[in-house]
Amino acid sequence: MELYFATSNKNKFSEALELFRKNGSVQIKQLKFKHNEIRSDSLEEIALEAVEKAYRKIKKPVFVEDSGLFIESLNNFPGTYSAWVYKKIGNRGILNILKSRNRTAVFRCCIAYANGNKRKVFFGECSGKIALRERGKKGFGYDPIFIPAGKKKTFAQSKELKKALSHRYKAIIALKSYIFNKK
Ligand code: IMP
């Protein structure tokens with residue numbers, strides 16, 4: 001089976017590819033996909049709207065992913081606006097805003113899958129906190145400032161930590177289990 005991941009983010013694609021690679025019966029392919037994302041506070045709404053467009057374009061099994069960083073003391077900012085906020089102010093901007101505020105945060109991910117008339121959503125989340133400064137060079141986006149709960153390293157310092165605990169890996173595992181069990 002060929003399964004398309006509609007994304008223009010090469011980091012997201014390589015994380016998904018790594019998880020699916022272990023099973024030869026599903027081939028993951030990237031559908032380079034740029035579109036105007038709707039504005040919403042709901043990852044699910046955004047992902048479902050995007051997968052509709054992607055499916056219309058390709059008419060083959062396809063999934064999209066929408067994710068974000070939700071910081072509790074900032075009323076869940078940047079949340080579904082994470083990509084835009086990252087582009088505008090980056091990790092330093094987030095660190096400046098936080099200063100002495102509570103640093104509890106959660107990464108959330110929603111995957112929306114479409115095939116024929118079927119639509120399915122899968123979720124993953126990872127709780128943690130925002131580091132005091134940027135640490136590490138691996139990963140992307142907010143990885144250098146996110147420390148998963150109970151750990152000392154940021155996601156950007158440890159690929160292993162990210163793989164075991166990240167919001168995206170959890171959602172992809174849920175998608176994978178659906179894909180393999182429905183056959
Ligand atoms: P979107 O899902 O493409 O709207 O973008 C979500 C944004 O959240 C990304 O551009 C990153 O800035 C951030 N983000 C999402 N997942 C991760 C992650 O695994 N690590 C670091 N930043 C992430």
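These lines cover the structure that appears in this document, whether it is placed above or below. Bear in mind the structure is a predicted one, so any value in this text is a computation, not a measurement.

Take the site of the ligand next. As a structural note, the neighbourhood of the ligand is formed by 16 residues, with Lys12, Ser67, Asp143, Lys162 and Arg168 the closest of them. Contact distances for the ligand include 2.6 Å between an oxygen atom and a side-chain N or O atom of Lys12. In the environment of the ligand, an oxygen atom lies 3.0 Å from a nitrogen or oxygen atom belonging to the backbone of Ser67. Coverage of the ligand by the protein amounts to 90% of the 480 Å² it exposes when considered alone.

Across the 12 residues that make up strand S5 (residues 104–115), a large majority, 9, are buried. Both strand S3 (residues 62–71) and S5 contribute to a ladder of 10 bridges, which runs antiparallel. Paired with Phe63 across the two strands is Tyr113, which belongs to S5. As judged from the 12 bridges shared by S5 and strand S6 (residues 118–130), these two strands associate in the antiparallel manner. Of the residues in S6, the one forming a bridge with Ala112 is Val121. Counting the residues between successive antiparallel strands, the hairpin from S5 to S6 contains 2 residues, one of them, Gly116, with a positive phi of roughly 60°.

This paragraph deals with the pattern of salt bridges. Enumeration according to the criterion identifies 11 salt bridges in this entry. The partner of Lys12 in a salt bridge is Glu65, and the shortest N-O contact between them spans 2.7 Å. One end of the pair, Lys12, is in helix H1 (residues 10–21); the other, Glu65, is in strand S3, and 53 residues separate them in sequence. The class of Lys12 is buried, set by a relative accessible area of 13%. With a relative accessible area of 8%, Glu65 lands in the buried category. Between Glu125 and Arg108 there is a salt bridge, with its nearest N and O atoms 3.0 Å apart. Of the two residues, Glu125 sits in strand S6 while Arg108 sits in strand S5, which places them 17 residues apart along the sequence. The exposure class of Glu125 is partly exposed, given its relative accessible area of 39%. Owing to a relative accessible area of 28%, Arg108 belongs among the partly exposed residues under this scheme. What emerges from the salt-bridge pattern is a single network uniting Lys12, Glu15, Glu65, Asp143, Lys162 and Arg168.

Thresholds, definitions, all that
Residues numbered from 1 in each chain as written. Predicted model: local features only at pLDDT ≥ 70, side-chain atom pairs only at ≥ 80, totals over all residues. Heavy atoms only, no water. Near = heavy atom within 4 Å. Polar contact = N/O pair within 3.5 Å; in protein donor to acceptor, adjacent residues only side chain to side chain. Areas by Shrake-Rupley, 256 points an atom, 1.4 Å probe, with all protein chains shown as cover. Buried < 20%, exposed > 50% of the residue type's maximum accessible area, 1.4 Å probe, protein only. Helix = DSSP H or I, 4+ residues; strand = E, 2+ residues; numbered from the N terminus. Pairing = 2+ DSSP bridges. Salt bridge = Lys/Arg side-chain N within 4 Å of Asp/Glu carboxyl O.

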